[in-house]
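Residues per chain are reported as follows:
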Amino acid sequence: MDLFTFLKPKNELEGASADTELNRPFVPDSMWVKCTGCGAMLLMSDIEENDKICTKCGYHFRLTARERIKLLADKDSFAEFDADLMSKNIIDFPDYNRKLKSSKLKSGENESVVTGRCTMGGYDVVLCVMEPGFMMGSMGIVTGEKITRAFEYATENMLPVVVCTVSGGARMHEGIMSLMQMAKTSGAVKRHSDAELLYITVLTDPTTGGVTASFAMEGDIILSEPNALIAFAGPRVIEQTIRQKLPKGFQTSEFVLDKGFIDAVVSRKDLKVTLVKLLGLHNVKRAGEVEN
Amino acid sequence: MSAFDKVMAARDAKKPTTVDFIENMFGDSFFELHGDRRFGDDKAVIGGLASLNGMPVTVIGLEKGRNTKERMERNFGSAHPEGYRKALRLMKQAEKFHRPVLCFVDTSGAFCGIGAEERGQGQAIAENLMEMMTLKTPILSILIGEGGSGGALALAVADEVWMLENAVYSVISPEGCASILWKDESRAADAAQCLKLTAQDLFKLGVIERILREPKVEDKKIFESLKMLIARTFEKNLSMPVDELLEARYNRFRKIGDCKNEK
Ligand SMILES: [Zn+2]
């Protein structure tokens, strides 16, 4: 290897779903599960009842989009947008059709984000929740389109937006079209912001790559669940680039809080109360309230 | 040329860099401005003021360096957050003085390292995307070599994006793509083909407006005609009402990717 190749920084590996950090388990469908955080053997039903938080150490297992909507939206208030919007293999990427099909089967969703309108503690909000089971929440055209439409709807209807992120980054199977979604969603966020409307992001494990470098970091208020991986480049990519081990706790929510890039780390138990409190501090309309 | 030949050409150390473009197009009129006013001066990003046939413009570019010493200094064109923040500072300044912004993009990607993460690489790029979308002055971005993912896009939210005929623009490097897809970096050429990253592919996909001839440093005529082309584009965009310009910029990105509801 010549000096030039050796010194040349590696590309940011956005969409790096091979990253082991990104493959931390969901709660599997067996009676007993081993906690990723503390190694304790836990009874599945105990975790289920505890919002998928380890009863021993507080480790937050991943939630599906539907589980999180259930956690945050008032009962039966969620009205979904664009549920039928589906990705196509626009650049004829090898194996992408099969990948889309298996992701739909695995997650039960048509795309990596579920968007809609709901009430939260009585407040009207637009809620977007990313789905880790769909290609690790990677951002494709439809992901970008659904988020953009949700922001445009919120701007038009003067509503706040809450986005819960979980993403391995851009979706390489859609090539440059995936990258362009970063600009597209950022544009919609900016218009919403310029209309003096509230945008809160909730970062969950993992939030990386092109999602971190666009709408995840554009909230007026940025919250995160504890001990989530929050990064631009994944730890493996950085280790390959700088050829050394990363310090423990690097790129966790607590680390990012300490560096000044998020507002608060909030336990899943307190997430809804916190969001409702913040909405209440922003003159947000309550459902049924008529504007003067 | 295959897609991977284009990748190699885009990375060719002998091709003109941002500094070559600035020297050949603006000569002594260029005055470099340094620093992000927050952390430091990232030498992977060069920025300043120049005269484009009498029109004051802000010029910002990712610079890889032209020899080993320069490449080390410039971190091979891979910017840290302070580089993107310097770029944004100069863009805001351009907005204040109603100067058009000309960006040159040439990077394998935003830098991946401890300092870059600690100082918010993701946040820095995100902020540029948001702010550039509504910057009240014309922006034109030209990809002159490698357009590496978010690190390139952070200087390419513009009214028009042009590419040199052998430049590439991609969400991931072909090597990275191959190693994820086939666990085999040596299949980068196949990956390059799949990613549709050449100027010709991107033109077809509607992601860029114009493909430019490759200039050679000694070829003064090409730089002259490029200057004319840029000046005409800026004149046209400067004469547009600002809200129309911003509406067009928003829609330029809004329409990318064909999405229709089923039924
Ligand atoms: Zn535990």
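Attention in this report is confined to the structure presented alongside it. Quantities reported herein were computed from a predicted structural model and do not represent experimental measurements. Sequence order sets the numbering: in each chain, residues are counted from 1 along the sequence as written. Labels follow written order: the first chain is A, the first ligand is 1, and so on. Confidence filtering applies because this is a predicted model: local features only for residues at pLDDT of at least 70, side-chain atom pairs given and counted only at 80 or more, and all residues used for totals across whole chains, interfaces and linings. No hydrogens and no water enter the side-chain calculation; it runs on all heavy atoms of the structure.

1. Focus: the overall build of chain B
Helix and strand counts for chain B come out as 12 helices and 8 strands. Atoms considered for the radius of gyration are the C-alpha atoms alone. The globule rule reads 2.2 Å times the number of residues to the power 0.38. Computed over the C-alpha atoms, the radius of gyration of chain B is 18 Å, within 12% of the 18 Å expected from 2.2 N^0.38 for a compact globule of 263 residues. Principal-axis analysis of the C-alpha atoms places the extent of chain B at approximately 60 × 50 × 45 Å. The proportion of buried residues among the 263 residues of chain B is 65%. To be clear on the numbers: accessible area is Shrake-Rupley with a 1.4 Å probe, and residue cover counts the displayed protein chains and nothing else. Accessible surface computed for chain B: about 10000 Å², of which carbon and sulfur atoms make up 53%. Looking at charge distribution, chain B has the averaged site of its 38 positive side-chain charges lying 2 Å from that of its 39 negative ones. Secondary structure is summarised from DSSP: a helix means a run of H or I of at least four residues, a strand means a run of E of at least two, and numbering begins at the N terminus for each. Only protein chains enter the accessibility calculation, which uses a 1.4 Å probe; a residue is then buried when its area is under 20% of its type maximum, exposed when over 50%, and partly exposed in between. Only four residue types enter the tally: Lys and Arg on the positive side, Asp and Glu on the negative side; His and the chain ends are excluded. To locate a charge, take atom NZ for lysine, CZ for arginine, CG for aspartate or CD for glutamate.

2. Description of a nonpolar patch on the surface
Residue and element names in this part refer to chain A. Judged by side-chain polarity, Met-31, Trp-32 and Met-41 come together as a nonpolar surface patch covering roughly 390 Å² of accessible area. Note on placement: Met-31 falls in the loop between helix H1 (3-7) and strand S1 (32-34). By relative accessible area, Met-31 is classed as exposed at 60%. Patches were defined on residues exceeding 30% relative accessible area and lacking a salt bridge, with like-charge contacts within 9 Å and nonpolar side-chain contacts (Val, Leu, Ile, Met, Phe, Trp, Tyr) within 5 Å. Salt bridge, as applied in this entry: a Lys or Arg side-chain nitrogen positioned within 4 Å of an Asp or Glu carboxyl oxygen.

3. Here's the deal with the sheet that holds strand S7 (residues 199-207) of chain A
All names here are of chain A. If you trace the 7 strands from one edge of the open sheet to the other, you get S3-S4-S5-S6-S7-S8-S9, paired in mixed fashion. Both edges of this open sheet fall to strand S3 (79-81) and strand S9 (264-265), since each of them pairs with a single strand only. Pairing of strand S5 (residues 123-130) with strand S6 (residues 161-167) involves 4 bridges; the strand directions are parallel. Bridge pairing links Val-129 to Cys-164 in S6. Relative to S5, helix H3 (residues 65-72) is tilted by about 160 degrees, and along the sheet it contacts S3, strand S4 (113-120), S5, S6 and S7. Whether two strands pair comes down to DSSP finding at least two bridges between them. Every residue pair with non-hydrogen atoms within 4.5 Å of one another is taken to be in contact. Convention adopted: a line fitted to C-alpha atoms gives each axis, helices being fitted over their contacting stretch, and angles between N-to-C directions are expressed from 0 to 180 degrees.

4. Points about the packing of aromatic side chains
Think of it this way: a Phe, Tyr or Trp ring, Trp meaning its six-membered ring, pairs with another when their centres are within 6.5 Å, and the plane angle makes it stacked under 30 degrees, edge-to-face over 60, tilted otherwise. Across all of its chains, the model carries 6 aromatic pairs over all chains by this definition. Ring geometry for A:Phe250 against A:Phe255: centres 4.9 Å apart, planes inclined by 65 degrees, an arrangement best described as edge-to-face. Relative to B:Phe104, the ring of B:Phe21 lies with its centre 5.2 Å away and its plane at 40 degrees, an arrangement referred to as tilted. Remark: B:Phe104 occurs in strand S4 (residues 101-107) and B:Phe21 occurs in helix H2 (residues 18-26); sequence separation between them is 83 residues. Residue B:Phe21 is classed as buried on the basis of its relative accessible area of 0%.

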